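Tertiary structure, described
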Amino acid sequence: MDFDLTPEEQAFEREVERFLAENRSPEVMDPNPEQLSQTVDTPPKRAFMRKLAERGWLGMSWPGEYGGGELSGIYDFILTEALSRHGAPQPGKGVGIVGKTIIRHGSDKLKSEFLPRIARGEIEFAIGYSEPQAGSDAAAMALRATRDPKGGGWRLNGRKIWTTSAHFADWYWLGARTDPDSKHGGITLFLLRLDVPGLTILPTYTIGDERTNEVFFDDVFVSDDYVVGQVNRGWGYICEALDLERFAMMPIGPLEEKARALFDYLREERRDGQPLRREPRVRSAAAQIATQLRVAQLLQRRVIGEALKDRVPSIESSMYKLYMNELGQRVANWALDLMGAEGQLKPGAEGAPVGGRFERSYRYTVVDTIGGGTSEIQKNIIANRGLGLPRSY
Ligand SMILES: Cc1cc2nc3c(=O)[nH]c(=O)nc-3n(C[C@H](O)[C@H](O)[C@H](O)COP(=O)(O)OP(=O)(O)OC[C@H]3O[C@@H](n4cnc5c(N)ncnc54)[C@H](O)[C@@H]3O)c2cc1C
């Protein structure tokens, strides 16, 4: 399966590239982008999101009645890939997960309150599914939501972990247990302001220097108005949102950029007076990276191809995520091998090759194999759904 962009889509890609060239800024763009590193955590990045909104690029694939552009999801994909290549923040969670789920299942109040603000780039979300005992098995979430005795809403008690963005986002999109007697049928989705009383947000720093968060709930009130869809149907919405989001998840741009930076380094660098590029093992590693990158690009195209046919690309997505994440680790590993001892110098250190990019990448790519579903879980999906082998869990 392969596809080419239509002339209109190619024109859009050029327009996005032009926009990014005109709006290039070190305050907004990470010069060494990694897979998940492009968050909207500062005022200049928020201003950048509003510029995307002014162009009509937030909600391009939403229906027109909600302010959307009614375009194919391929436009979201083109935009996300371009932003990720340039290390710019991406609109993923608000437009994709929250916006599309509210459009399908939200009340009129949620639609009128949230959709225009998402489309204007005014609002940021954190996603809270994971808990200490609920990661790969997210449906095991136990954060308890019970009816408030005074009526009109719910009281939340418990703990989430790994909530990326909770320390700067405006709203929390989270699952909580409303029926302890049913695992998948006992979860409800809520929207909650992140500055409400009873919420404590503490940092967790990953091996890749990224901040994520642990969030404690102490009798936090949430009104019935902010229940998303129906009570106890949350698990279905969470799974659906993941399917809807496949266009915008896991861009390959950061990996392509890292490979390009490594090839440039290998072309230019000299060791013991000799060009590094003359060493057979350097050329061998470069050829393998170029070939494997092409495999990853083709796997990504299969994901998009399936999604464009309105099919759920679950096996294709798992193959792509598994292969791309592990390739990211191999590229970082090769880079550090070829750079020698200097490769271990951190970003910013004097003499660090390629600005220390691969030292960071070596650490960061471990995180990629966990977030959004671990490599082991992807292998389970491929073995079970793709090959018909027995489930391991
Ligand atoms: C940087 C980062 C950001 C994140 N951001 C968010 C966020 O914003 N919101 C959110 O809700 N979550 C977030 N997560 C959580 C992420 O989704 C989970 O970490 C991930 O799903 C794995 O869950 P876990 O950490 O509990 O590991 P576990 O599920 O406990 O797994 C531990 C190990 O066991 C393996 N394992 C588990 N089950 C099986 C099985 N059935 N078969 C074989 N091996 C298995 C796993 O592969 C892993 O190696 C984030 C995680 C990270 C690292």
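What counts and how
Residues numbered from 1 in each chain as written. Predicted model: local features only at pLDDT ≥ 70, side-chain atom pairs only at ≥ 80, totals over all residues. Heavy atoms only, no water. Core = buried A, V, L, I, M, F, W, Y, C linked by side-chain atoms within 4.5 Å. Buried < 20%, exposed > 50% of the residue type's maximum accessible area, 1.4 Å probe, protein only. Helix = DSSP H or I, 4+ residues; strand = E, 2+ residues; numbered from the N terminus. Domains from an automatic or database assignment. Contact = heavy atoms within 4.5 Å. Buried area = accessible area lost by both parts, 1.4 Å probe. Salt bridge = Lys/Arg side-chain N within 4 Å of Asp/Glu carboxyl O. Polar contact = N/O pair within 3.5 Å; in protein donor to acceptor, adjacent residues only side chain to side chain. Nonpolar A, V, L, I, M, F, W, Y, C, P; charged D, E, K, R; others polar.

With respect to the nonpolar core
Counting 72 residues, the largest nonpolar core has F48, F114, L156, W173, L191, L192 and F217 as the members making the most contacts within it. Considering each element in turn, this core owes the most residues, seven residues, to helix 3 (residues 74–85). A domain-level breakdown of this core finds at least three residues from each of domain 1 (7–124) and domain 2 (126–242). Grouped together as the second largest cluster of nonpolar side chains are 27 residues, L255, Y265, A286 and L293 included.

A word on the domain arrangement of the chain
Under the domain assignment, the chain is made up of domain 1 (7–124), domain 2 (126–242) and domain 3 (252–386). On a C-alpha basis, the centroid separation for the pair domain 2 and domain 3 is 33 Å. With six residues of domain 2 in contact, the opposing surface of domain 3 contributes seven residues. Both faces combined, the contact of domain 2 with domain 3 buries some 560 Å², and carbon together with sulfur accounts for 57% of it. It is S136, I207 and G208 in domain 2 that bury the most area against domain 3; as a group they hold 64% of the surface buried on that side. A salt bridge links R360 to E210; the shortest N-O distance between them is 3.9 Å. Where domain 2 touches domain 3, the interface holds two residue pairs in polar contact (both at pLDDT 80 or more). For the side of domain 2 that touches domain 3, the residue count by class is one nonpolar, three polar and two charged.

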